[in-house]
Every structure is written in structure tokens, then in C-alpha cells.
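# Coordinate analysis (summary)
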Amino acid sequence: MTTEASSCEGTASGKVILFGEHAVVYAVPGIAAGIDRGARAKATRAASGERSSLLMSGRTLTPDEDSDHARAFRALLTVEPSCMGVHVEASADVPPGGGLGCSAALGVAIARAVESATFGDTPDEARVLERALAWERVFHGNPSGIDTAAAIAGTFLLYERGAGTKPLTPPYDVWLAVGYSGASASTKQMVEGIARIKDRNPDLFDKFLSGVRAIVENARLALEAGDGRALGQLMDMNQMLLAGVLLSTEAIEKMCAIARSTGALGAKLTGSGGGGSVIALGGICPRGERRSAAEELAVRIAAAWSDAGFAAFPTRIHGSHNDGATSLESPGQ
Ligand code: PMV
């Protein structure tokens, strides 16, 4: 975050959910990680009497308008009302609806910029979280909070709704290929679809939750031990469970197959499913290592996806990005 004379900038990470999407809504722990791409926002104080505004994707809106973004902006601002208005410009470099936490990253970046412009240079992180969750609820109805937690933390984290966020600090970096299936999905609709499966078939749903819980616990251990093979197998298992509750698509399955035949240690959808993005594991390497086999494989998988017509990029998730000292209390809802 940087501050100029009267303009304050906020940034936030996009995210991948490594394990546990959807189950996190029902308080099963999940593992997510911030990625290098994300969102940034710049806020300046409005002149006295001027209304607040938000400029995004070439369009300026005010908080009293009737659109989701205007409502979300209003919700974010009214968490801590101020007599001063703010002009905000925001942009993201992760695709909206791509399962990479675009809206949460925007919410956190805007919240950070607004906090700094309104109250000074060092934003109050608890209020940033509250503002960003208020923004996110407008889009997702019943968000677990994992996207917002990852956008704030920017590193590996274990998230449990109602219990908060614990940074995971393995001394390893993880290399992934991230690819877009070509269809965006509405997280809200996918979450509602899962709620219907829960109502119609509670036994199947309980098995889904207990399966995911076991996978997440083992994945945490594999990550701490730097065991890439185990981590990849657990990703494949998580994908099977997600497909079992109808979250996979033909394109997602095709991408998983391409990744595995290119040598990926594991592959799965990430985020809401029904479209969105897929992640594939290139491997794990010691923190900061250059030109690792894990990186080469992630690059090859991303290239194989691109050749098949899926937009893709390799990304490194940095281990021990922070020292693990901070534990953000995240209420989810
Ligand atoms: O599709 P995304 O990136 O918004 O991820 C949603 C994750 C879910 O677990 C499906 C929903 C939630 O609120 O946690």
C-alpha cells in the first residue's frame, strides 16, 4: 500500500481454493492461497458536499444507484460512515466469475483504499475485513468468507467459518497451473444448488462433507511435510467428491485430463465449479528456489491448456509469506 498527498492505494490478492470449496460454507475447514494476480484501488477524498463515486471497467457509479456494484459499494461505505465522500477507482487482473476470488479481491482493495483515505495511512484490518465482507455479501448472499480471508492474507491459509483464519507457513513454494474453463459461473447459484442437494439427499451430502474434511486434514499435513505426490492425490480425490455433487463440467473434466496426461500431480476445479477455473499441481519446491522441476511442469501444463484453447498461466504460491504471527479473526457470517 502506498500513500500520496491525497490519494491512497489498496491492493489485494486473487485466490485459489486448494481444498474444501462449498464444504467451507458448512463450516468444514478449507485451504486457500493468495496468488500474485488480484485487484488494486485508489481512493481520494471528495470535496465537501460531493457524493462518493466508484469508477470500475470504464463506468462511474454512485452508492445510491440500483445495481449490485452500487449496492456493494454502499454496504462497504456504511460499515463506518464518514462525513467525507470518497472517489475510488478500482480494477482487477483476475477474470470475474472465474473462481479466482475477483469480487473479494476488489472488495478488499477498495476497503483498504477507503480506510486509508478516510482515516489515515495504516488501515484498521478488522474494519477492512468488515467492509470487504459487506461488499461480498451483496454478490454471494451467503459467503463463507474464505475468498475475503485469502484476499487479505495473500498466502496459504486454513479457513474455518466462524472460527477464523490460520496462516499455514510451510517452508515450501507450490507451483500450480491455473486455467479458465471458458464459462463463468455464478457462485451464488452454485451455492444454492448445493443447498438443494443437501435438502434432497442429506445422506449423500453428509458423506461429501466428511470426505472433504478428511481430505483437508491430510492436505494440511502433506503441505507441511512438502509431500507433493500426496497433495496431488488429495486434489484428485477432492475433484471426485466435487463431481459427485454435480459441480464439474465437461470442460473442467477435459482440463483435468489434459493436466494429468501432461504429468500434473493432481488437478481439480477451484471455487464455485459449474465453470470457472481449474488448478493443476506442478509440484512443491524449497521456498524461493529458481527453475525448479515443479515450475517447469506448471509451465508445461499451462501451455498444454493454452494449446487446447483454455486461457492459462502458471503461478507460484509462496510458503511462509509472512511469519505466521498474524491470525485474522474472520467471522464469516
Ligand atoms: O467461486 P469463488 O471464487 O467465489 O469461490 C466460492 C467458494 C465457495 O466455497 C463455493 C463459496 C464460499 O462462499 O465459500
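Just so it is clear, the model here is predicted, and its values are computed rather than measured. (Residues numbered from 1 in each chain as written. Predicted model: local features only at pLDDT ≥ 70, side-chain atom pairs only at ≥ 80, totals over all residues. Heavy atoms only, no water.)

### Examining the overall build of the protein
Using the following cut-off: A run of H or I in DSSP counts as a helix once it spans at least four residues, and a run of E counts as a strand once it spans at least two, with each numbered from the N terminus. Radius of gyration here uses only the C-alpha atoms, and the compact-globule reference equals 2.2 Å multiplied by the residue count raised to the power 0.38. Each residue gets one of three labels from its accessible area relative to the maximum for its type: buried under 20%, exposed over 50%, partly exposed in between, using a 1.4 Å probe on protein chains only.
Tallying secondary structure elements over the protein gives nine helices and eleven strands in all. Taken over the C-alpha trace, the protein has a radius of gyration of 19 Å; the compact-globule value for 333 residues is 20 Å, and the two agree within 12%. Based on the C-alpha atoms only, the size of the protein along its principal axes is roughly 60 × 50 × 40 Å. Split into buried and exposed, the 333 residues of the protein put 54% on the buried side.

### Focus on the pairing of strand β3 (residues 53–56)
Applicable threshold: Being paired, for any two strands, means DSSP has found at least two bridges between them.
In this sheet, strand β5 (residues 86–92) lies alongside β3 in parallel orientation, the contact comprising four bridges. Residue pairing for β5: Ser-53 is matched across the bridge by His-87. Note that β3 and strand β4 (residues 59–61) share three bridges and pair antiparallel. Its bridge partner lying in β4, Leu-54 is registered against Leu-61.

### Concerning the sheet that holds strand β11 (residues 312–317)
Each strand in a sheet pairs with its neighbour through backbone hydrogen bonds, running either in the same direction (parallel) or in the opposite one (antiparallel). Quick reminder of the rule: Note on method: axes are straight lines fitted to C-alpha atoms, helices fitted across the in-contact stretch only, with angles between N-to-C directions ranging 0 to 180 degrees.
Across the sheet, four strands lie side by side as β9-β10-β8-β11; this open sheet has antiparallel pairing. Each of the sheet's edge strands pairs with one partner strand only, and the pair in question is β9 (267–270) and β11. Across this sheet, the average inter-strand angle for adjacent strands is 30 degrees, counted without regard to direction. In terms of strand pairing, β9 meets strand β10 (residues 277–286) through four bridges, oriented antiparallel.

### Remarks on the environment of Ala-72
Tracing the sequence through the fold places Ala-72 in helix α1 (residues 68–78). Taking the C-alpha atoms as reference points, Ala-72 and Ala-214, 142 residues apart in sequence, are found 35 Å from one another.

### Comments concerning the side chain of Ser-13
Operational definition: The contact rule is simple, with two residues in contact once any of their heavy atoms fall within 4.5 Å.
Mapping Ser-13 onto the fold places it in strand β1 (residues 7–19). Judged by its relative accessible area of 16%, Ser-13 falls in the buried class. Once you skip the residues sitting within four places of it in the chain, Ser-13 turns out to touch Gly-34, Ile-35, Arg-37, Gly-38, Ala-105, Ala-150, Ala-151 and Gly-154.

### Let's talk about the site of the ligand
Note the cut-off: Nearness is defined per residue: one heavy atom within 4 Å of the molecule or strand is enough. N or O atoms closer than or at 3.5 Å make up a polar contact, with two conditions inside protein: a donor-capable atom paired with an acceptor-capable one, and, for residues adjacent in sequence, both atoms drawn from side chains. In this description, accessible areas are obtained by the Shrake-Rupley approach with a 1.4 Å probe, and a residue is regarded as covered only by the protein chains that are shown. When residues are grouped by polarity, Ala, Val, Leu, Ile, Met, Phe, Trp, Tyr, Cys and Pro land in nonpolar, Asp, Glu, Lys and Arg in charged, and all others, Gly among them, in polar.
Near the ligand there are 18 residues, and of these Lys-15, His-22, Ser-144, Asp-147 and Thr-187 occur at the shortest range. Between Lys-15 and the ligand, the recorded distance is 2.5 Å, taken from a side-chain N or O atom to an oxygen atom. Within the side chain of Asp-147, a nitrogen or oxygen atom sits 3.0 Å from an oxygen atom of the ligand. Its free accessible area being 380 Å², the ligand has 96% of it covered by the protein chains. Elements supplying a minimum of two residues to the shell around the ligand: β1, α4 (146–153) and α5 (187–200). Of the residues assigned to the shell around the ligand, the class counts are seven nonpolar, eight polar and three charged.

### Quick look at the packing of aromatic side chains
Our working rule: Any pair of Phe, Tyr and Trp rings, taking the six-membered ring for Trp, is counted once the centres come within 6.5 Å. Such a pair is stacked with planes under 30 degrees apart, edge-to-face with planes over 60 apart, and tilted for the rest. Remark: a charge is flagged as sitting over a ring if the NZ atom of Lys or the CZ atom of Arg is within 6 Å of the ring centre and within 35 degrees of the ring normal.
The tally for this structure, following the rule as stated, stands at three aromatic pairs. Ring geometry for Tyr-26 versus Phe-205: centroids 4.9 Å apart, planes at 75 degrees, classification edge-to-face. Placement of Tyr-26 in the loop between β1 and β2 (30–45) and of Phe-205 in helix α6 (residues 202–225) is noted, with a sequence separation of 179 residues between them. Here the basic side chain of Arg-37 rests over the ring of Phe-313, its NZ or CZ set 3.8 Å away from the ring centre.

### Considerations on unusual backbone geometry
The phi dihedral of Ser-57 falls on the positive side, at around 50 degrees, and the residue is not glycine. Locating Ser-57 in the fold gives a position in the loop between β3 and β4. Given a relative accessible area of 76%, Ser-57 falls into the exposed group. Residue Arg-291 is not a glycine yet carries a positive backbone phi of 50 degrees. By the secondary structure assignment, Arg-291 is in the loop between β10 and α9 (293–307).

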